[in-house]
Each structure stands twice: as structure tokens, then as C-alpha cells.
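Given next are the chains, with one letter for each unit.
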Amino acid sequence: QVQLVESGGGLVQAGGSLRLSCAASGNIFSINVMGWYRQAPGKQRELVATIHSGGSTNYAGSVKGRFTISRDNAENTVYLQMNSLKPEDTAVYYCKLTQSGFNYWGKGTLVTVSS
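Everything numeric here is computed off the predicted structure, so don't read it as measured data.

Novice: So, the state of the cysteines: which residues are in play, and what are the values?
Specialist: Enumeration over the complete set of coordinates arrives at one disulfide. The disulfide bridge from Cys22 ends at Cys95, spanning 2.1 Å between sulfur atoms. The chirality of the disulfide connecting Cys22 with Cys95 is left-handed, given an S-S dihedral of about -80°. A residue pair is termed long-range when its members are at least 10 positions apart, and Cys22 in strand β3 (residues 18-26) and Cys95 in strand β9 (residues 91-99) qualify at 73 residues.

Put into C-alpha cells, the structure is as follows:
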């Protein structure tokens, strides 16, 4: 089994920054993809950014240039540095790990950006 625990959410003013962390534990394979998704009230969950264990990254257009995803493979941890936050970034942010065709999700951390 795989467990994911997110941290780092909170309340921030527009233009501010936050850094999210997600620690994975359990049976983690060396090759996997970790990522961040978000779900705003009344909306569907959407991709924010992903990073392969080899280092390649992918970003949603709405966050490109403002958010940076990174990972520490030795610690099985993925980070999301969020800068220039906007009120529309308000959402519950979920961590996801994909390996061998299986998806694992964390419980989410709330990010609220005030205007």
C-alpha cells in the first residue's frame, strides 16, 4: 500500500507564496509519477503539475511560470512552490502518485487566496 500526506496549505493574500509538500510512504517503486491536482468549490478536479521520477515535468497552462514542482526521490517527497498566487488558485490541493498503472491520492490540503 501507498500513503500520501500533504502539508503546507493555508490562507495567503493575493500575490503571496506557499509551498506544499507531499510525503509518500509504503511500497514506492523507483519509477513513478507524482503530481498535484486541485479542486475548487463546484468544479472538477484538475491537473496542476506532474513530475516523473526521471525529472520531466508538466504544468497546467494556468500555473505555468508561477508554480514549480520538484521532488526528492530519496525522501519520496514532492513539492509545489506556488508564487504570485491569485484568488482563482483557491482550492483543495491533492497529491497523486502513479506507479505500475495504479493511482494513489492524498486527502488534500486547502489553499485559500484572499483578494
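There is more to say after this.
Novice: Residues and numbers for the nonpolar core, please.
Specialist: Judged by nonpolar contacts, the single largest core of 29 residues is most densely connected at Trp36, Leu80, Met82 and Tyr93. In contact with Leu80, not counting residues within four places along its chain, are Leu18, Arg19, Leu20, Trp36, Val48, Ala49, Phe67, Thr68, Ile69 and Tyr93.

Novice: If you had to explain the pairing of strand β10 (residues 102-105) to someone new, which residues and values would you point to?
Specialist: The sheet contact formed by β9 and β10 spans four bridges and is antiparallel. Pairing of Thr98 across the sheet is with Asn103, part of β10. Linkage of β9 to β10, two consecutive antiparallel strands, is achieved through a turn of two residues, within which Ser100 is found at a positive phi near 50°.

Novice: Kindly report on the pattern of salt bridges, identifying the contributing residues and their values.
Specialist: Tallied over the full model, the rule gives three salt bridges. A salt bridge links Arg38 to Glu46; the shortest N-O distance between them is 2.7 Å. The class for Arg38 is buried, based on a relative accessible area of 6%. Taking relative accessible area as the criterion, Glu46 reaches 36% and is therefore assigned partly exposed. Salt-bridge contacts for Arg66 lead to Asp89; the nearest nitrogen and oxygen are separated by 2.8 Å. Taken as a pair, Arg66 in the loop between β6 (57-59) and β7 (67-72) and Asp89 in the loop between β8 (77-82) and β9 lie far apart in primary sequence, 23 residues in all.

Novice: Can you tell me about the side chain of Thr109, naming the residues and giving the values?
Specialist: Of note, Thr109 is situated in strand β11 (residues 109-114). With a relative accessible area of 10%, Thr109 lands in the buried category. A distance of 3.2 Å separates a polar side-chain atom of Thr109 from the backbone nitrogen of Gly9. Those residues in contact with Thr109 that lie beyond four places of it in its chain are Glu6, Ser7, Gly8, Gly9, Leu20, Ala91, Val92 and Tyr93.

Novice: Any chance you could break down the environment of Ile31 for me, citing the residues and the numbers?
Specialist: Structurally, Ile31 can be placed in the loop between β3 and β4 (33-39). Look at Ile31 and you get exposed, because its relative accessible area is 59%. Sequence spacing of Ile31 and Gly8 is 23 residues, and the spatial spacing of their C-alpha atoms is 25 Å.

Novice: For the environment of Gly10, give the residues involved together with the corresponding values.
Specialist: Structurally, Gly10 can be placed in strand β2 (residues 10-13). The exposure class of Gly10 is partly exposed, given its relative accessible area of 26%. Remark: the alpha-carbon pair of Gly10 and Asn32, spanning 22 residues in sequence, is separated by 28 Å. With sequence-adjacent residues up to four places away left out, Gly10 is seen in contact with Leu18, Leu110, Val111 and Thr112.

How each quantity is defined
Residues numbered from 1 in each chain as written. Predicted model: local features only at pLDDT ≥ 70, side-chain atom pairs only at ≥ 80, totals over all residues. Heavy atoms only, no water. Disulfide = S-S within 2.5 Å. Helix = DSSP H or I, 4+ residues; strand = E, 2+ residues; numbered from the N terminus. Core = buried A, V, L, I, M, F, W, Y, C linked by side-chain atoms within 4.5 Å. Buried < 20%, exposed > 50% of the residue type's maximum accessible area, 1.4 Å probe, protein only. Contact = heavy atoms within 4.5 Å. Pairing = 2+ DSSP bridges. Salt bridge = Lys/Arg side-chain N within 4 Å of Asp/Glu carboxyl O. Polar contact = N/O pair within 3.5 Å; in protein donor to acceptor, adjacent residues only side chain to side chain.

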